Amino acid sequence: MSTRLVSAGFLAVALVVLAQAFMIPDGGGYQAVGPRAFPLLVGIGMAVVAVIGVVQAFRAPVTREGGEDEGVHWRPVLLLIGALALYAVLLAPVGYWQSTTLFFVAVARVLGSRKLVRDLVVGLLLALATYLLFDRVLGITLPPGLIRLAI
């Protein structure tokens, strides 16, 4: 039953994200992609994943050898929510690429990775690539934080 509740809750959050995205006014003017595009993309992605989760949750439950419903493992869920909340708090003062690297490592650890150096390197490379793409190529300013890139 808890898997069904979590799946339905995630679907509700996805619908709220979509509703809020549609409330963002169009940029107008000459912009091909307005400020509504990325929130819509995230909301649609969340909704697709949520619908898949709801469908799977209402199918026959996954059972163990004893015949019990596996249910939701709350510890990782709560740790991921905490990591996301900490990421949101650290984003502006610490900076995008620094806090994103830390967030990647934290999520990898919660999901079972024990290779800290690899997680740091991959997280840093992904964060820097995203930062450079948005900040330098697309001209969308992301928080530079404590250590500004000289690139």
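Residues numbered from 1 in each chain as written. Predicted model: local features only at pLDDT ≥ 70, side-chain atom pairs only at ≥ 80, totals over all residues. Heavy atoms only, no water.

Caption draft 1: View of the pattern of salt bridges. All told, the structure shown has 1 salt bridge when counted by the stated rule. In this structure, Arg118 and Asp119 form a salt bridge, with 3.4 Å as the shortest nitrogen-oxygen distance. The partly exposed category is assigned to Arg118, whose relative accessible area is 43%. What makes Asp119 buried here is its relative accessible area of 3%. (Salt bridge = Lys/Arg side-chain N within 4 Å of Asp/Glu carboxyl O. Buried < 20%, exposed > 50% of the residue type's maximum accessible area, 1.4 Å probe, protein only.)

Caption draft 2: Inspection of the packing of aromatic side chains at higher detail. Per the stated rule, a full pass over the model turns up 3 aromatic pairs. Ring centres of Phe38 and Phe134 lie 6.1 Å apart, and the angle between their planes is 55°; on these two criteria the pair is classed as tilted. Residue Phe38 is found in helix 2 (residues 37-57), and its partner Phe134 is found in helix 5 (residues 116-137); the two are separated by 96 residues along the sequence. For Phe38, a relative accessible area of 43% puts it in the partly exposed group. With 4.7 Å between their ring centres and 25° between their planes, Tyr87 and Phe103 make a pair best called stacked. (Phe/Tyr/Trp six-rings, centres within 6.5 Å; stacked < 30°, edge-to-face > 60°. Helix = DSSP H or I, 4+ residues; strand = E, 2+ residues; numbered from the N terminus.)

Caption draft 3: Inspection of a nonpolar patch on the surface at higher detail. Among the surface-exposed residues, Val33, Phe38, Leu41, Leu133, Val137, Leu138 and Ile140 lie close enough to one another that they form a single nonpolar patch of about 660 Å² accessible area. Position of Leu133 relative to the elements: it lies in helix 5. (Patch = residues over 30% accessible without salt bridge, like charges linked within 9 Å, V, L, I, M, F, W, Y side chains within 5 Å. Areas by Shrake-Rupley, 256 points an atom, 1.4 Å probe, with all protein chains shown as cover.)

Caption draft 4: Structural context of the packing of helix 1 (residues 2-22) against helix 2. For the pair helix 1 and helix 2, interaxial distance at closest approach is 8 Å and the crossing angle is 160°. When the axes of helix 1 and helix 2 are compared, the pair comes out roughly antiparallel. As helix 1 packs across helix 2, the resulting crossing turns out to be left-handed. Along the contact surface, helix 1 presents Thr3, Arg4, Ser7, Ala8, Phe10, Leu11, Val13, Ala14, Val17, Leu18, Ala21 and Phe22, while helix 2 presents Pro39, Leu40, Gly43, Ile44, Met46, Ala47, Val49, Ala50, Val51, Gly53, Val54 and Ala57. In terms of residue class, the contact of helix 1 with helix 2 is built from 19 nonpolar, 4 polar and 1 charged. (Axes fitted to C-alpha atoms, helices over the stretch in contact; angles between N-to-C directions. Parallel < 35°, antiparallel > 145°, perpendicular 65-115°, else oblique. Left-handed = near helix turned anticlockwise from the far one by under 90°. Contact = heavy atoms within 4.5 Å. Nonpolar A, V, L, I, M, F, W, Y, C, P; charged D, E, K, R; others polar.)

Caption draft 5: Representation of the environment of Ile24 in the model. Positionally, Ile24 belongs in the loop between helix 1 and helix 2. Apart from the residues within four sequence positions on either side, Ile24 is in contact with Pro35, Arg36 and Pro39.

Caption draft 6: Representation of the packing of helix 4 (residues 96-110) against helix 5 within the structure. In the contact formed by helix 4 and helix 5, the axes pass within 8 Å of each other and the chain directions differ by 140°. Relative to helix 5, the element helix 4 is oriented oblique. In this structure, helix 4 crosses over helix 5, and the sense of that crossing is right-handed. Contacts from Tyr96, Trp97, Thr100, Thr101, Phe104, Val105, Ala108 and Arg109 in helix 4 reach Leu116, Asp119, Leu120, Val122, Gly123, Leu124, Leu126, Ala127, Leu128, Thr130 and Tyr131 in helix 5. Its residues assigned to classes, the contact of helix 4 with helix 5 shows 13 nonpolar, 4 polar and 2 charged.

Caption draft 7: How the structure looks around the confidence of the model for the protein. Confidence along the protein averages 82 in pLDDT terms, with 83% of residues attaining 70 or more. The spread of mean pLDDT over the elements of the protein runs between helix 1, the lowest at 86, and helix 4, the highest at 91. (pLDDT = per-residue confidence, 0-100.)

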